Amino acid sequence: MISQSRSVGLAFLRGIPRIPNHRLQLFPMKITTGSVVLFDYTLTDDDKEIIDTSKGGEPLAYIHGEGQIVKGLEKAMEGKQAGDSFKVSVAPEEAYGLHDPENISVVPADQIEGGEELEEGMQLHTEGEFGEQTVIITKIEGNDVTIDGNHPLADMTLHFDVTIREVRDATKEELDHGHVHGEGGHHH
Ligand SMILES: [Zn+2]
């Protein structure tokens, strides 16, 4: 694309200074609000156990400044550019929050769809006042089912190892949809 417009410029726009090609490398785009960012990551816990990684798959894509990734990681991304690698540890307050005992409740098994097949450790999806929520069954005693609506990563400090692959402006359509299109994002 660039070389094509350059040759057009040379043929038809002689005398008009063209922007040197290397300027694209001298001033790479820095991550700011409205940037689409593609990055590789490995997420580990305090014991260096891997919780999640993009290795062997697509990079993760998000629109910066919209709270699509955990707050502490989004802050660390600000101002970075393609090719940058960094590590950041994010406290639970800026990740998935602290474990809240109020998110634990006991419900009768016969009020849960598929109640006869419940097991401890099973995840359930519920429609709550804040939309869809995932809860985990932590205990079953007779008809009493204890469910925990805290995020599985609540209370945890998250250690991210990140490499930025690409930074570009979000298109108007991506901003309207609230998600990234193409690699690492939605294909539609
Ligand atoms: Zn879309």
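Quantities reported herein were computed from a predicted structural model and do not represent experimental measurements. (Residues numbered from 1 in each chain as written. Predicted model: local features only at pLDDT ≥ 70, side-chain atom pairs only at ≥ 80, totals over all residues.)

1. Some points on the overall build of the chain
Inference 1: Helix and strand counts for the chain stand at four helices and nine strands.
Inference 2: Along the chain, helices and strands appear, N-terminal first, in the series α-α-β-β-β-α-β-β-β-β-β-β-α.
Inference 3: The proportion of buried residues among the 188 residues of the chain is 15%.
Inference 4: For the chain, contacts bridging at least 24 residues in sequence account for 62% of all contacts bridging at least 6. (Helix = DSSP H or I, 4+ residues; strand = E, 2+ residues; numbered from the N terminus. Buried ≥ 20, exposed ≤ 12 C-beta atoms within 10 Å, placed from the backbone. Contact = placed C-beta atoms within 7 Å.)

2. A look at the confidence of the model for the chain
Inference 1: With 85% of its residues at a pLDDT of 70 or more, the chain has an overall mean of 87.
Inference 2: Residue range residues 1-13 is modelled with pLDDT below 50. Its contacts to residues more than four positions away, or to other chains, number four contacts. (pLDDT = per-residue confidence, 0-100.)

3. Comments concerning unusual backbone geometry
Inference 1: Of note, K48 is a non-glycine position whose phi angle comes to about 65°, a positive value.
Inference 2: Turning to its location among the elements, K48 is positioned in the loop between β1 (35-44) and β2 (50-53).
Inference 3: Its 7 C-beta neighbours within 10 Å are what place K48 among the exposed residues.
Inference 4: Notably, D155 is not glycine yet its phi reads approximately 75°, a positive angle.
Inference 5: Relative to the assigned elements, D155 resides in the loop between β8 (144-148) and β9 (158-169).

4. Topic: the nonpolar core
Inference 1: In this structure, V36, V37, A61 and L158 are the most contacted members of the largest nonpolar core, which totals 21 residues.
Inference 2: Of all the elements in the fold, those that place two or more residues in this core are β1, β3 (60-63), α3 (71-77) and β9. (Core = buried A, V, L, I, M, F, W, Y, C linked by C-beta atoms within 7 Å.)

5. Examining the sheet that holds strand β6 (residues 123-128)
Think of a sheet as strands paired side by side through backbone hydrogen bonds, with each pair either parallel or antiparallel.
Inference 1: Taken together, the four strands give an open sheet; going across it, the order is β5-β8-β7-β6, and neighbouring strands pair in antiparallel fashion. Looking at strand neighbours, the two that pair on one side only are β5 (104-108) and β6, the edges of this open sheet. Between one strand axis and the next, the sheet turns through 40° on average, direction left out of account.
Inference 2: Summarising the sheet, strand β7 (residues 131-141) and β8 pair through five bridges and their orientation is antiparallel. Following the sheet pairing, I136 is matched in β8 by D148. (Pairing = 2+ DSSP bridges. Axes fitted to C-alpha atoms, helices over the stretch in contact; angles between N-to-C directions.)

6. Focus on the environment of V145
Inference 1: Relative to the helices and strands, V145 is located in strand β8.
Inference 2: C-beta crowding within 10 Å serves as the criterion here: with 24 such atoms nearby, V145 is assigned to the buried category.
Inference 3: C-alpha of V145 to C-alpha of A109: the two residues are 36 residues apart in sequence and 5.8 Å apart in space.
Inference 4: When near neighbours in sequence (up to four residues on either side) are disregarded, V145 contacts V106, V107, A109, I112, L118, I137 and I140.

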